[in-house]
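Here's the letter readout for the chains.
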Amino acid sequence: MPQTSTDPPCQAEACALQSCLNTNTYSPEKCDDRLRRLYRCCWDMYKETDGRGESTACPMPNVVRRWLKGHGEDMD
């Protein structure tokens, strides 16, 4: 789903993840790359807004940070 100016930040990544999960009901690990892209998008949004950004597509900043660190992502 293409992102429009009215979509919340990272909405396109969230939609791609949801579509993948719907397609791969019994193999959610096939969607790991989309989950990583969503969390990376959310982290970038939080960095750009000094942690004050908001999006219905993103978990809270501390959840995103913990997930990315736990999956070997560079936090810069």
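Residues numbered from 1 in each chain as written. Predicted model: local features only at pLDDT ≥ 70, side-chain atom pairs only at ≥ 80, totals over all residues. Heavy atoms only, no water.

Asks: Please clarify how the overall build of the protein chain should be interpreted in this entry.
Replies: Looking only at helices and strands, one finds 3 helices and 0 strands in the protein chain. Reading the protein chain from its N terminus to its C terminus gives the helix and strand order α-α-α. For the protein chain, the C-alpha radius of gyration of 12 Å lies close to 11 Å, the compact-globule estimate for 76 residues. With the C-alpha coordinates of the protein chain rotated into their principal frame, the extents come out at 35 × 30 × 15 Å. In the structure as shown, the protein chain presents an accessible area of about 5100 Å², 51% of it carried by carbon and sulfur atoms. Mean positive and mean negative side-chain charge positions of the protein chain (10 and 12 charges, respectively) differ by 4 Å. (Helix = DSSP H or I, 4+ residues; strand = E, 2+ residues; numbered from the N terminus. Rg over C-alpha atoms; globule rule 2.2 N^0.38 Å. Areas by Shrake-Rupley, 256 points an atom, 1.4 Å probe, with all protein chains shown as cover. Lys, Arg positive; Asp, Glu negative; His and termini not counted. Charge placed at Lys NZ, Arg CZ, Asp CG, Glu CD.)

Asks: Explain the packing of helix H1 (residues 11–23) against helix H2 (residues 32–48) to me, please; I cannot follow it from the model alone.
Replies: In the contact formed by H1 and H2, the axes pass within 9 Å of each other and the chain directions differ by 160 degrees. Between H1 and H2, the crossing angle belongs to the class labelled roughly antiparallel. Crossing of H1 against H2: the hand is left-handed. The segment H1 lies against H2, with Glu-13, Ala-14, Ala-16, Leu-17 and Cys-20 engaging Arg-34, Leu-35, Arg-37, Leu-38 and Cys-41. Split by residue class, the contact of H1 with H2 holds 7 nonpolar, no polar and 3 charged. (Axes fitted to C-alpha atoms, helices over the stretch in contact; angles between N-to-C directions. Parallel < 35°, antiparallel > 145°, perpendicular 65-115°, else oblique. Left-handed = near helix turned anticlockwise from the far one by under 90°. Contact = heavy atoms within 4.5 Å. Nonpolar A, V, L, I, M, F, W, Y, C, P; charged D, E, K, R; others polar.)

Asks: Looking at this structure, how should I read the nonpolar core?
Replies: For soluble globular proteins, the rule of thumb is that nonpolar side chains tend to be buried together. Grouped together as the largest cluster of nonpolar side chains are 17 residues, with contacts concentrated most on Leu-38, Cys-42, Val-64 and Leu-68. Taken together, the elements giving at least two residues each to this core come down to H1, H2 and helix H3 (61–70). In this view, Val-64 contacts Tyr-39, Cys-42, Trp-43, Tyr-46 and Pro-59; residues no more than four positions away in its chain are not counted. (Core = buried A, V, L, I, M, F, W, Y, C linked by side-chain atoms within 4.5 Å. Buried < 20%, exposed > 50% of the residue type's maximum accessible area, 1.4 Å probe, protein only.)

Asks: Can you walk me through the packing of aromatic side chains in this structure?
Replies: Here the structure, examined in full by the defined rule, presents 1 aromatic pair. Both rings, one in Tyr-39 and one in Trp-67, keep their centres 4.8 Å apart while their planes meet at 40 degrees; by these two values the pair is tilted. You can see Tyr-39 sitting in helix H2 and its partner Trp-67 sitting in helix H3, a full 28 residues away along the chain. (Phe/Tyr/Trp six-rings, centres within 6.5 Å; stacked < 30°, edge-to-face > 60°.)

Asks: What is the right way to look at the state of the cysteines in this model?
Replies: What makes a disulfide is a covalent bond joining the sulfur atoms belonging to two cysteines. Enumeration according to the criterion identifies 3 disulfides in this entry. The side chain of Cys-10 participates in a disulfide bridge whose partner is Cys-41; the two sulfur atoms lie 2.1 Å from each other. Disulfide Cys-10-Cys-41: torsion about the S-S bond near -95 degrees, hence left-handed. Taken together, the residues span a long stretch of sequence, with Cys-10 in the segment before H1 and Cys-41 in helix H2 at a distance of 31 residues. (Disulfide = S-S within 2.5 Å.)

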